[in-house]
Amino acid sequence: MARIIVSTSGKGGVGKTTTSAAFGTGLALRGHKTVIVDFDVGLRNLDLVMGCERRVVYDFVEVIQEKVPVHQALIRDKRVENLSVLAASQTRDKDALTPEGVERVLTALAEQFDYIVCDSPAGIERGAQLAMYFADDALVVTNPEVSSVRDSDRILGLLESRTRRAERNEERVRQHLVIARYDPVRVEKGEMLAVDQIQEMLAVPLLGVIPESQAVLAASNAGTPVILQDSADAGRAYDDIVARYLGEERPMRFVTAERGLLRRLFGSRA
């Protein structure tokens, strides 16, 4: 049976879509049939990050409204086998999403895929709640700043109380913390929260830390999931996250400032 994973946070701009794209791509690279679904109806950014914006013919809302079957709306990735994208609509609002429609689409996808990654919109309104409602796992993405962590704490409360698993008194949604845009040097200066401070505030198992990196912006602009960039710290960090999610033990990298002349001269390439 397919596992449904939501990438979520309360605050916008923290890296949810980047995480959805990289995480879904990483699962597919390991041979798992994976689809990434964009729940951000009205904005639609996942297709840009995945580099398939010109190939969108049908969208998530049209599938929900049963105008087309789900297989017609899926966009297969040209670079990674086993990877597909279901784009959101740019012309509708989030009211177009209904619990019945979302469940029907996810059920159909579960017949074809091993993992369904749901890219949640920001906030706690309808789209975000529907993105998490059917989840088995949650990637709670936060930045090392107080407002982002506080918003993530609100999301954790919703994961505990407003999901299908909670309503059925089943095993709770498995929560994983992803800290994005982390800069150990700024942490040492007191300009950002440290990893242990964030963990103490949220009390969620840490899946991984994504370092602040220009490679993330460059990859997004190029329409390439950053995990495909082996030379980038952020790409390697997402690879670690996928490996840990699948049960592999890996050391937690990118949480301390690196020292040395080469690092100072050449930055993350050293």
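Residues numbered from 1 in each chain as written. Predicted model: local features only at pLDDT ≥ 70, side-chain atom pairs only at ≥ 80, totals over all residues. Heavy atoms only, no water.

## With respect to the nonpolar core
Soluble globular proteins tend to bury their nonpolar side chains together.
Consideration 1: Counting 52 residues, the largest nonpolar core has Phe 39, Phe 60, Leu 86, Val 102, Leu 109 and Ile 116 as the members making the most contacts within it.
Consideration 2: Per-element accounting of this core gives the leading share, five residues, to helix 7 (residues 146-161).
Consideration 3: Other than its neighbours up to four places away in sequence, Leu 86 contacts Val 35, Ile 36, Val 37, Asp 38, Asp 59, Phe 60, Val 63, Ala 73, Leu 74, Val 105 and Leu 109. (Core = buried A, V, L, I, M, F, W, Y, C linked by side-chain atoms within 4.5 Å. Buried < 20%, exposed > 50% of the residue type's maximum accessible area, 1.4 Å probe, protein only. Helix = DSSP H or I, 4+ residues; strand = E, 2+ residues; numbered from the N terminus. Contact = heavy atoms within 4.5 Å.)

## Let's talk about the pattern of salt bridges
Consideration 1: All told, the structure shown has 18 salt bridges when counted by the stated rule.
Consideration 2: Asp 239 is paired through a salt bridge with Arg 30; the nearest N and O atoms lie 2.8 Å apart. Here the residue Asp 239 occupies a position in helix 12 (residues 233-245), and Arg 30 occupies one in the loop between helix 1 (16-29) and strand 2 (34-38), the gap between them amounting to 209 residues.
Consideration 3: We classify Asp 239 as partly exposed; its relative accessible area is 23%.
Consideration 4: Taking the shortest distance from any N to any O, the salt bridge between Arg 172 and Glu 160 comes out at 2.5 Å. Highlighted residues: Arg 172 in the loop between helix 8 (164-167) and strand 7 (174-182) and Glu 160 in helix 7, separated in sequence by 12 residues.
Consideration 5: A relative accessible area of 48% means that Arg 172 is categorised as partly exposed.
Consideration 6: Of the residues examined, Glu 160 reaches a relative accessible area of 37% and is grouped as partly exposed. (Salt bridge = Lys/Arg side-chain N within 4 Å of Asp/Glu carboxyl O.)

## Some details on helix 10 (residues 195-202)
Consideration 1: Residues Val 195, Ile 198 and Leu 202 constitute the buried set of helix 10. Buried positions in helix 10, seen along its axis, are confined to an arc of 65° and lie on one side of it. What points out from helix 10, more than 90 degrees from its buried face, is the exposed set Asp 196 and Glu 200.
Consideration 2: Where helix 10 is buried, its residues meet strand 6 (137-142), helix 7, strand 7 and strand 8 (206-211).
Consideration 3: Two residues or fewer past helix 10, Ala 203 is found with a positive phi of approximately 55°. (Arc of directions from axis to C-beta.)

## Topic: the layout of surface pockets
Consideration 1: In this structure, the largest pocket spans a volume of roughly 580 Å³.
Consideration 2: Lining the largest pocket are 29 residues; nearest its centre among them are Gly 13, Val 14, Gly 15, Lys 16 and Thr 18.
Consideration 3: Elements with a contribution of two residues or more to the lining of the largest pocket: helix 1, helix 2 (46-50), strand 7, strand 8 and helix 11 (214-222).
Consideration 4: With four residues, the top contributor of residues to the lining of the largest pocket is helix 11. (1 Å grid on protein atoms, 1.4 Å probe; cavity = no way out; pocket = protein on both sides within 12 Å on 5 of 7 lines; lining within 4 Å. Points joined across faces, edges and corners; volume = space filled by probe spheres on them.)

## Description of the environment of Arg 150
Consideration 1: If you trace the backbone, Arg 150 turns up in helix 7.
Consideration 2: With 24 residues separating them in the primary sequence, Arg 150 and Arg 126 have C-alpha atoms 20 Å apart.

## Considering the packing of aromatic side chains
The way to describe two aromatic rings as a pair is by their centre distance and the angle between their planes.
Consideration 1: A full pass over the atoms with the stated rule returns four aromatic pairs.
Consideration 2: Summarising the aromatic geometry, the rings of Phe 39 and Phe 60 are spaced 5.0 Å apart at their centres and angled 75° between planes, so their arrangement reads as edge-to-face. On the criterion of sequence distance, the pair formed by Phe 39 in the loop between strand 2 and helix 2 and Phe 60 in helix 3 (residues 60-64) is long-range, its members being 21 residues apart.
Consideration 3: Residue classification places Phe 39 among the buried positions, given a relative accessible area of 0%.
Consideration 4: The exposure class assigned to Phe 60 is buried, which follows from its relative accessible area of 0%.
Consideration 5: Note that Lys 33 overlies the ring of Phe 113, its terminal NZ or CZ placed 5.6 Å from the centroid. (Phe/Tyr/Trp six-rings, centres within 6.5 Å; stacked < 30°, edge-to-face > 60°. Lys NZ or Arg CZ within 6 Å of the ring centre and 35° of its normal.)

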